[in-house]
Amino acid sequence: MGAELIRVLVVDDHPVVRQGLRTFLDLQDDITVVGEAVDGASCVTAAELLKPDVVLLDLRMPGTDGVYALNELRELGNKARVLVITSFTEPVGIVPAVRAGAAGYVYKDVDPLALAAAVRSVHAGHVLLHPDVARLLAEGDTRPGGATLTAREREVLAQVAQGNSNRQIARELTLSEKTVKSHMTAILGKLGLHDRTQAALYAVRTGLVSPAGR
């Protein structure tokens, strides 16, 4: 239909899990699995080589784990959005991954259609966090306040915290996407943040939005 496919890298140390994820995702009209990796180190190598749009990443793997991969990808400036797929049931188990730059997470028993929807969502720029995880992160964030942000930048930041993509923010605030991107660059620079996930958490901590409202 002319639309570009969402390129996904699947990272898990269990062959059966990787095969299951690949089989399902390859059935989607708008998603293609471009590669697989078995641990954090091979994830980083594959992500740099294949340039996926989304990395579907397990956290618990022998040797180098998912958090290692997230930190390395961020250091390398890799643009892939990372969706963690995890067996952790307590929010505290997810916190290190989100701090390292994950755009969101789903559980390993997630409904297949919900998994595909999550891949599309993080690819579109959304942040997928349960309110409990957002609250834990916000409580642990001691970053100084954002008094240097302009009124428009604060509006953009609030939209980011609500999970909106640049296109949606542009529509909501009657701006061009290019202008929204410029505001995002300024926001991240002023606050010393690395990505949209950290920006969303900052907005929760400073009261621009409520985590319970997600």
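Anything mentioned here points back to the structure above.
Per-chain numbering applies: the sequence of each chain, read as written, is numbered from 1 onward. Local features in this predicted model are restricted to residues whose pLDDT is 70 or higher, and side-chain atom pairs enter the listing and the counts only when it is 80 or higher, whereas totals over whole chains, interfaces and linings include all residues. With hydrogens and water excluded, all non-hydrogen atoms of the structure serve as input to the side-chain values.

Enquirer: Help me understand the nonpolar core in this model?
Expert: In this structure, Leu-9, Val-11, Cys-43, Val-55, Leu-57 and Leu-70 are the most contacted members of the largest nonpolar core, which totals 26 residues. Mapped onto this core, the elements with two or more residues apiece are strand 1 (6–11), helix 2 (40–50), strand 3 (54–57), helix 3 (66–76), strand 4 (81–86) and helix 4 (95–99). Here a strand is any run of E in DSSP of at least two residues, a helix any run of H or I of at least four, and the numbering for each starts at the N terminus. Sort the elements by how many residues they give to this core and helix 2 lands first, with four residues. With near-sequence residues (within four places) excluded, Val-11 lies in contact with Ala-37, Asp-39, Cys-43, Val-55, Leu-56, Leu-57, Asp-58 and Met-61. What is meant by a nonpolar core is a set of buried Ala, Val, Leu, Ile, Met, Phe, Trp, Tyr and Cys residues, joined one to another through side-chain atoms within 4.5 Å. Burial classes: relative accessible area under 20% of the type maximum marks a residue as buried, over 50% as exposed, and values in between as partly exposed (1.4 Å probe, protein chains only). By definition in these notes, contact holds between two residues if any of their heavy atoms fall within 4.5 Å.

Enquirer: I tried to follow the pairing of strand 2 (residues 31–37) on my own but got confused; where do I start?
Expert: Within a regular strand, side chains alternate between the sheet's two faces. At least two bridges found by DSSP between two strands is the condition for calling them paired. Across six bridges, the pairing between strand 1 and strand 2 is parallel. When the bridges of strand 2 are listed, Ile-6 appears paired with Ile-31. When the strands point away from the viewer and the path from the first strand over the helix to the second turns clockwise, the crossover is right-handed. With helix 1 (residues 15–25) bridging strand 1 and its parallel neighbour strand 2, the resulting β-α-β unit is right-handed.

Enquirer: Got a minute to help me understand the packing of helix 7 (residues 151–161) against helix 9 (residues 177–191) in this structure?
Expert: Angle between the axes and distance between the axes are the two parameters that describe a pair of packed helices. Think of each axis as a best-fit line through the C-alpha atoms, taken over the contacting stretch in the case of a helix, with angles from 0 to 180 degrees between the N-to-C directions. Put simply, helix 7 and helix 9 touch, their axes get as near as 10 Å, and they point 95 degrees apart. Taken together, the axes of helix 7 and helix 9 are roughly perpendicular relative to one another. Where helix 7 approaches helix 9, its residues Arg-152, Glu-153, Val-156, Leu-157 and Val-160 are matched on the opposing element by Val-180, His-183, Met-184, Ala-186, Ile-187, Lys-190 and Leu-191. Under the scheme applied here, ten amino acids are nonpolar (Ala, Val, Leu, Ile, Met, Phe, Trp, Tyr, Cys and Pro), four are charged (Asp, Glu, Lys and Arg), and all others, including Gly, are polar. For the contact of helix 7 with helix 9, the class distribution of residues is eight nonpolar, one polar and three charged. In these notes the angle categories are as follows: under 35 degrees is roughly parallel, over 145 is roughly antiparallel, 65 to 115 is roughly perpendicular, and the rest is oblique.

Functional significance is not addressed by these values, which are geometric in nature.
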